[in-house]
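Take a look at the letters that make up each chain.
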Amino acid sequence: NKTVIWNNNITMRFFENSIISLAEARFHRQPVLLITDQYGTHIKIVESKILDEYNIFVALVSGRMTPLLQPLDTTVNRSFHSSYGSVKAAIFSEG
């Protein structure tokens, strides 16, 4: 779905650029642990077993852990997301 902010392709590109491209993962030399939340695209990529090919093991963190694990997400970023949501709504209501 190209109308969403984040999708499987973007998530996979992020994993490729930030994790799979590491020499340790790229050459399957060392196992890599990826700790991520249960956002929909993260779960789909884990379920697809793509990361298994690169010896990347995934630990999914339970929902509602954001305030503990990502305090900026609940303070600084919340105002950004709120403003972005308002702008996005205005754009879509115009078209």
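This report concerns the structure included in the present document. Only a predicted model underlies this, so the values are computations on that prediction, with no experimental measurement involved.

The next thing to look at is a nonpolar patch on the surface. On the surface, a nonpolar cluster with roughly 310 Å² of combined accessible area is contributed by Trp6, Phe14 and Tyr39. Note on placement: tyrosine 39 falls in the loop between β1 (32–37) and α3 (40–48).

Per the counting criterion, the structure on display carries 1 aromatic pair. Summarising the aromatic geometry, the rings of phenylalanine 14 and phenylalanine 15 are spaced 5.9 Å apart at their centres and angled 55° between planes, so their arrangement reads as tilted.

What follows covers the environment of phenylalanine 15. Within the secondary structure, phenylalanine 15 sits in helix α1 (residues 8–20). Measuring from C-alpha to C-alpha, the distance between phenylalanine 15 and histidine 42 comes to 9.8 Å, with 27 residues separating the pair along the chain. When near neighbours in sequence (up to four residues on either side) are disregarded, phenylalanine 15 contacts Ile20, Leu34, His42, Ile45 and Leu51.

Taking every second residue as pointing to the same face, the buried face of β1 carries Val32, Leu34 and Thr36, while none of Leu33, Ile35 and Asp37 on the other face is buried. In this structure, β1 lies alongside strand β2 (residues 56–61), joined through 6 bridges in parallel fashion. Residue valine 32 lies in a different strand from β2, and its bridge partner there is isoleucine 56. Handedness of the β-α-β unit built from β1, α3 and β2 comes out right-handed.

It is worth spelling out the packing of α1 against α3 at this point. Relative to each other, α1 and α3 sit at 70°, their axes nearing to 9 Å. By the criterion of interaxial angle, the relationship of α1 to α3 is roughly perpendicular. Regarding α1 and α3, the two cross each other, and that crossing is right-handed. Taking contact as the criterion, the partners of Asn8, Thr11, Met12 and Phe15 in α1 are, on α3, Thr41, His42, Lys44 and Ile45. Residues belonging to the contact of α1 with α3 are distributed by class as follows: 3 nonpolar, 4 polar and 1 charged.

Thresholds applied
Residues numbered from 1 in each chain as written. Predicted model: local features only at pLDDT ≥ 70, side-chain atom pairs only at ≥ 80, totals over all residues. Heavy atoms only, no water. Patch = residues over 30% accessible without salt bridge, like charges linked within 9 Å, V, L, I, M, F, W, Y side chains within 5 Å. Areas by Shrake-Rupley, 256 points an atom, 1.4 Å probe, with all protein chains shown as cover. Salt bridge = Lys/Arg side-chain N within 4 Å of Asp/Glu carboxyl O. Helix = DSSP H or I, 4+ residues; strand = E, 2+ residues; numbered from the N terminus. Phe/Tyr/Trp six-rings, centres within 6.5 Å; stacked < 30°, edge-to-face > 60°. Contact = heavy atoms within 4.5 Å. Buried < 20%, exposed > 50% of the residue type's maximum accessible area, 1.4 Å probe, protein only. Pairing = 2+ DSSP bridges. Right-handed = clockwise from strand over helix to strand, strands pointing away. Axes fitted to C-alpha atoms, helices over the stretch in contact; angles between N-to-C directions. Parallel < 35°, antiparallel > 145°, perpendicular 65-115°, else oblique. Left-handed = near helix turned anticlockwise from the far one by under 90°. Nonpolar A, V, L, I, M, F, W, Y, C, P; charged D, E, K, R; others polar.

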